[in-house]
Amino acid sequence: MSGPIDGAAGVRGNRFFDEALLDNAPALAARDPGGMLRAIASAGAQVREATTLTAETDLSHLADEGRPRAVVVVGAGTAARTGDILTTIAGPRCLVPVLTHRSVEVPGWIGAADVVIAVSASGRSPEALAVAEVAGRRGARLVAIGAPGSPLQSVAERYRAPFIPVPRRGAARANLWGLTVPVLLTARALGLVKVNEADLAETAVRLDQDADRCRPTAETFVNLSKTLALNMAGSVPVIWGDSPLAAVAAVRYGDMLSANARYPVVTDALGEAGRGRVGLLDGVFGALAALERDIFADPELDDVTADPPRLRVVLLCDGGLADENSAAQTTDRRAEVVQDIAARRGIEVDVLTAEGGSALERFASLVAATDFASVYLGLGHGLDPMAVPAVTELKEQLRK
């Protein structure tokens, strides 16, 4: 028998999922000492707080120089994801390209004709700091969003740029809405998106309602997030979104599953999946696993632990984004076909359909339940969602 793995001393958890834990609220709380469930339940409050903080920041001068050549959202991880959200909310009819930049390498073309939005939950991201500094020197219109009193605020003040202070609570991934709202409202100040106060208020209410429905004390049979976690346990997740907005929600779900539950995840837009990745359904963890499985095996008597994990497909669907009925019908048809192909290969599929009157609210309806599901899945494996030893080790090694 091999000895302990070098470097795994801080790793805690169980390979097999504890199904009974899901309906034991005190036990869930005990396994979540960092309060990840509480942090993501604050999403609605984050929307309201960020709306107020942005309103207190003077962004009026941003539009004085006219339409920018491009808007660049700079950051890493969750901060960068806000740029992806802005791109989808702005939509294909936006007259200005919206780009997300995730590197400390500053594009040579960024200059006075552009707007740079530097985002960092901690205010210390090397990516945000490096690009914000260069953008300020080159005369670009700069807006910074992050923790108050941080180095990013110092950069913004040095170039007399607006800084929107967003208090950080826990891991950056739990602050998605606190970072996203200022990005959207900055774009609104530039005349690039139509996000009004009613949209923000309805999104906050939606997030509050979903947090209540997905709360730890709600039993699995009425709790969508717990059901998703139970279905996902022990599988290889494949998450596809059927629209640009749903695809961003799919990637967000993948981010949270990787960080909170340490599951490897495949995410993509459903349209792209149809050009290659749908072939996963025929692979080792798809149809081949079903072909080699002994359907007569008795779990109590036979050794079935060697069975490979199976794919579990989650389709995030949003029919409300299409501008034309034909486009919506094509998207819906593709989702139906993928479900049929998966079913004929014995692969289970979960479908989540967006709800809400605005694009932002529909995005929230897809993200809320899946955020909670990722945490429940991690807790079921005995993991602390807030503590990721490999991430901590990576940061420590890079600082040396």
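Residues numbered from 1 in each chain as written. Predicted model: local features only at pLDDT ≥ 70, side-chain atom pairs only at ≥ 80, totals over all residues. Heavy atoms only, no water.

- The protein carries the name SIS domain-containing protein in an unreviewed UniProt entry, which gives Catellatospora aurea as its organism.
- The UniProt entry for the protein carries the following text under Sequence similarities (unreviewed entry): "Belongs to the PGI/PMI family." (UniProt positions renumbered as here; feature names shortened; annotations may be inferred.)

### With respect to the overall build of the protein
Okay, step 1: When helices and strands are counted, the protein shows 15 helices and 9 strands.
Okay, step 2: Against the 2.2 N^0.38 benchmark of 21 Å for 400 residues, the protein shows a C-alpha radius of gyration of 22 Å, consistent with a compact globule.
Okay, step 3: Taken across its 400 residues, the protein has 50% of its residues classed as buried.
Okay, step 4: Contacts in the protein between residues far apart in sequence, at least 24 positions, make up 77% of those at least 6 positions apart.
Okay, step 5: Summing over all exposed atoms, the protein offers an accessible surface of approximately 18800 Å²; the carbon and sulfur share of this is 53%.
Okay, step 6: Side chains of the protein give 40 positive and 49 negative charges; the mean places of these two sets differ by 6 Å. (Helix = DSSP H or I, 4+ residues; strand = E, 2+ residues; numbered from the N terminus. Rg over C-alpha atoms; globule rule 2.2 N^0.38 Å. Buried < 20%, exposed > 50% of the residue type's maximum accessible area, 1.4 Å probe, protein only. Contact = heavy atoms within 4.5 Å. Areas by Shrake-Rupley, 256 points an atom, 1.4 Å probe, with all protein chains shown as cover. Lys, Arg positive; Asp, Glu negative; His and termini not counted. Charge placed at Lys NZ, Arg CZ, Asp CG, Glu CD.)

### Structural notes on the sheet that holds strand β7 (residues 266-269)
Two orientations exist for strands paired in a sheet by backbone hydrogen bonds: parallel and antiparallel.
Okay, step 1: One open sheet holds the 4 strands; their spatial order is β7-β6-β8-β9, and the pairing between them is parallel. This sheet does not close on itself; its edge strands, each paired only once, are β7 and β9 (349-353). Put simply, the sheet's adjacent strands are angled 15 degrees from each other on average, direction ignored.
Okay, step 2: Direction of pairing for strand β6 (residues 236-241) relative to strand β8 (residues 311-317): parallel, over a ladder of 6 bridges. Across the sheet, residue G241 finds its bridge partner in β8, namely L316.
Okay, step 3: Sheet strands in contact with helix α9 (residues 224-232) are β6, β8 and β9, and its direction is about 155 degrees off that of β9.
Okay, step 4: Where helix α10 (residues 244-261) meets the sheet, its contacts fall on β6, β7 and β8, and the angle it forms with β6 comes to roughly 155 degrees. (Pairing = 2+ DSSP bridges. Axes fitted to C-alpha atoms, helices over the stretch in contact; angles between N-to-C directions.)

### A word on the packing of aromatic side chains
Okay, step 1: Under the criterion given, the structure shown has 2 aromatic pairs.
Okay, step 2: The ring of Y376 is capped by K226, whose NZ or CZ atom sits 5.5 Å from the centre of that ring. (Phe/Tyr/Trp six-rings, centres within 6.5 Å; stacked < 30°, edge-to-face > 60°. Lys NZ or Arg CZ within 6 Å of the ring centre and 35° of its normal.)

### With respect to a nonpolar patch on the surface
Okay, step 1: A cluster of nonpolar residues, V284, F285, L288 and L291, forms a patch on the protein surface that exposes about 390 Å² of accessible area.
Okay, step 2: Mapping F285 onto the fold places it in the loop between α11 (270-273) and α12 (287-292).
Okay, step 3: Relative accessible area serves as the criterion here: at 35%, F285 is assigned to the partly exposed category. (Patch = residues over 30% accessible without salt bridge, like charges linked within 9 Å, V, L, I, M, F, W, Y side chains within 5 Å. Salt bridge = Lys/Arg side-chain N within 4 Å of Asp/Glu carboxyl O.)

### Digging into unusual backbone geometry
Okay, step 1: Residues other than glycine seldom take positive phi values, yet R160 does so here, at roughly 50 degrees.
Okay, step 2: Turning to its location among the elements, R160 is positioned in the loop between α6 (151-158) and β5 (163-165).
Okay, step 3: You can call R160 exposed: its relative accessible area is 80%.

### Things to note about the sheet that holds strand β3 (residues 115-120)
Okay, step 1: Here 5 strands make up an open sheet; going across it, the order is β2-β1-β3-β4-β5 and the pairing parallel. Of all strands in the sheet, those bounded by a partner on one side alone are β2 (98-101) and β5. Here the strands of the sheet are splayed against their neighbours by 15 degrees on average, with no regard to which way each runs.
Okay, step 2: With 4 bridges connecting them, strand β1 (residues 71-74) and β2 associate as parallel partners.

### Quick look at the environment of G123
Okay, step 1: Along the polypeptide, G123 turns up in the loop between β3 and α5 (126-138).
Okay, step 2: Counting along the chain gives 27 residues from G123 to S150, while the straight-line C-alpha distance between them is 5.0 Å.
Okay, step 3: Once residues within four sequence positions are removed from consideration, G123 is found in contact with L129, A147, S150, P151 and L152.

### A few points about the pattern of salt bridges
Okay, step 1: Taken as a whole, this structure holds 23 salt bridges when the rule is applied.
Okay, step 2: The partner of R69 in a salt bridge is D114, and the shortest N-O contact between them spans 2.6 Å. With a gap of 45 residues between them, R69 in the loop between α3 (43-55) and β1 and D114 in the loop between β2 and β3 connect regions that are remote in the sequence.
Okay, step 3: D350 is the partner of R312 in a salt bridge, and the nearest nitrogen-oxygen pair spans 3.1 Å. On the criterion of sequence distance, the pair formed by R312 in strand β8 and D350 in strand β9 is long-range, its members being 38 residues apart. Grouping residues by exposure puts R312 and D350 together as buried.
Okay, step 4: Taken together, the shared-partner salt bridges in this structure form one network comprising R81, D84, R102 and D255.

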